[in-house]
Amino acid sequence: GAVCGGIGGAAIYRTYPRRGVLPVSIDRDVPAYLSLFTFLAFVQSIIWMNTVANELVATLGALGAVLGLKQAFLGATVLSWGNSLGDLVSDTTVARQGFPSMALAGVFAAPLFTLLCGLGGSFVFQTIARGPLSVKLDAPLYLLFVFLLLNLLHKCTVVPYYHSFTLSKKVGWMLIGFYACFFIVYTLNTIC
């Protein structure tokens, strides 16, 4: 961490414009070391994201232990809200800029990528390192699965046939109401 921080700091110091003069003029080629510094900054950002994610998960685990909440409940509520906040902001911004198709594709593509690559990659690495995984599926996880299937069925049947592929405010309010019902049922099932 300290080595990457030092290298990143040196890269910023070396490449950042001083006194209003760019280190590279427009008529010259970009030096090769700038690409190296860019790559190192990318690696450093991944290390920082991993560190922050580990601390967040540890904090949520401690919060769950103190409050007596299950990890699945915290994952389905607090962690999922934090994970989805960036998508909410970016998709809303893209839609308001006049690209609703791109925003709608992002709504489905981001969770799909996270599910397939994030969870799939984690399972692959875990099974390589420690062998097959056994996950205990309790009632709250089955409830998550049922609500996910109902939501997908709603989007695949009701929206095309009853709303003619039009995503209106009515459809939006139905989805928000569906999430509210899920949240109430899931919370009651987990806590009780």
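Residues numbered from 1 in each chain as written. Predicted model: local features only at pLDDT ≥ 70, side-chain atom pairs only at ≥ 80, totals over all residues. Heavy atoms only, no water.

J.: In this structure, what is going on with the overall build of the protein chain? I would like to understand it.
T.: When helices and strands are tallied, the protein chain shows 6 helices and 0 strands. Looking at the protein chain residue by residue over its 192 residues, the buried ones come to 15%. Approximately 14600 Å² of the protein chain is accessible, and the part contributed by carbon and sulfur atoms is 73%. (Helix = DSSP H or I, 4+ residues; strand = E, 2+ residues; numbered from the N terminus. Buried < 20%, exposed > 50% of the residue type's maximum accessible area, 1.4 Å probe, protein only. Areas by Shrake-Rupley, 256 points an atom, 1.4 Å probe, with all protein chains shown as cover.)

J.: Would you mind going over the environment of Val 94 with me for this structure?
T.: You can see Val 94 is positioned in helix α3 (residues 71-96). Remark: the alpha-carbon pair of Val 94 and Leu 104, spanning 10 residues in sequence, is separated by 9.4 Å. What Val 94 contacts, discounting residues up to four positions off in sequence, is Phe 99, Met 102 and Ala 103. (Contact = heavy atoms within 4.5 Å.)

J.: Looking at this model, I keep getting lost on helix α4 (residues 100-130). Mind explaining?
T.: Given 3.6 residues to a turn, an α-helix orients residues that are three or four positions apart in the same direction. Spanning 31 residues, α4 covers 44 Å between terminal C-alpha atoms, matching the ideal 45 Å at 1.5 Å per step. Roughly 25° is the biggest bend found in α4, and it falls at Gly 106. Within two residues after α4, Gly 131 carries a phi angle of roughly 90°, on the positive side. (Expected span 1.5 Å × (residues − 1). Bend = angle between axes of the 7 residues up to and from the residue.)

J.: What's the story with a nonpolar patch on the surface in this structure? I'm lost.
T.: On the surface, Leu 112, Leu 115, Leu 116, Leu 119, Phe 123, Leu 133, Val 135, Leu 137 and Tyr 142 cluster together into a nonpolar patch covering about 870 Å² of accessible area. Take the nonpolar patch: its biggest share by element is 5 residues, from α4. Along the polypeptide, Leu 115 turns up in helix α4. (Patch = residues over 30% accessible without salt bridge, like charges linked within 9 Å, V, L, I, M, F, W, Y side chains within 5 Å. Salt bridge = Lys/Arg side-chain N within 4 Å of Asp/Glu carboxyl O.)

J.: Explanation requested: the environment of Ser 80 in the structure shown.
T.: Here Ser 80 shows up in helix α3. Among the residues examined, Ser 80 registers a relative accessible area of 23% and is labelled partly exposed. Within the structure, Ser 80 has its side chain in polar contact with the backbone oxygen of Ala 76 (distance 2.8 Å). (Polar contact = N/O pair within 3.5 Å; in protein donor to acceptor, adjacent residues only side chain to side chain.)

J.: I keep staring at the nonpolar core and nothing clicks. Help me out?
T.: Side chains of nonpolar character tend, in soluble globular proteins, to be buried together. Core analysis: the largest hydrophobic core is formed by 6 residues, namely Phe 73, Ala 76, Leu 143, Phe 147, Phe 182 and Tyr 186. Elements represented by at least two residues in this core include exactly α3, α5 (139-162) and α6 (169-191). Among all residues touching Leu 143, those that are not within four sequence positions of it are Val 185, Tyr 186 and Asn 189. (Core = buried A, V, L, I, M, F, W, Y, C linked by side-chain atoms within 4.5 Å.)

J.: Explanation requested: unusual backbone geometry in the structure shown.
T.: The phi angle of most residues is negative, glycine excepted, and most peptide bonds adopt the trans form. The residue Ser 164 is not glycine, and still its phi comes out positive at about 50°. Mapping Ser 164 onto the fold places it in the loop between α5 and α6. Among the residues examined, Ser 164 registers a relative accessible area of 53% and is labelled exposed. In this model, Phe 165 sits at a positive phi of 60°, which is unusual for a non-glycine residue. Relative to the elements of secondary structure, Phe 165 occurs in the loop between α5 and α6. When its relative accessible area of 67% is taken as the criterion, Phe 165 is described as exposed.

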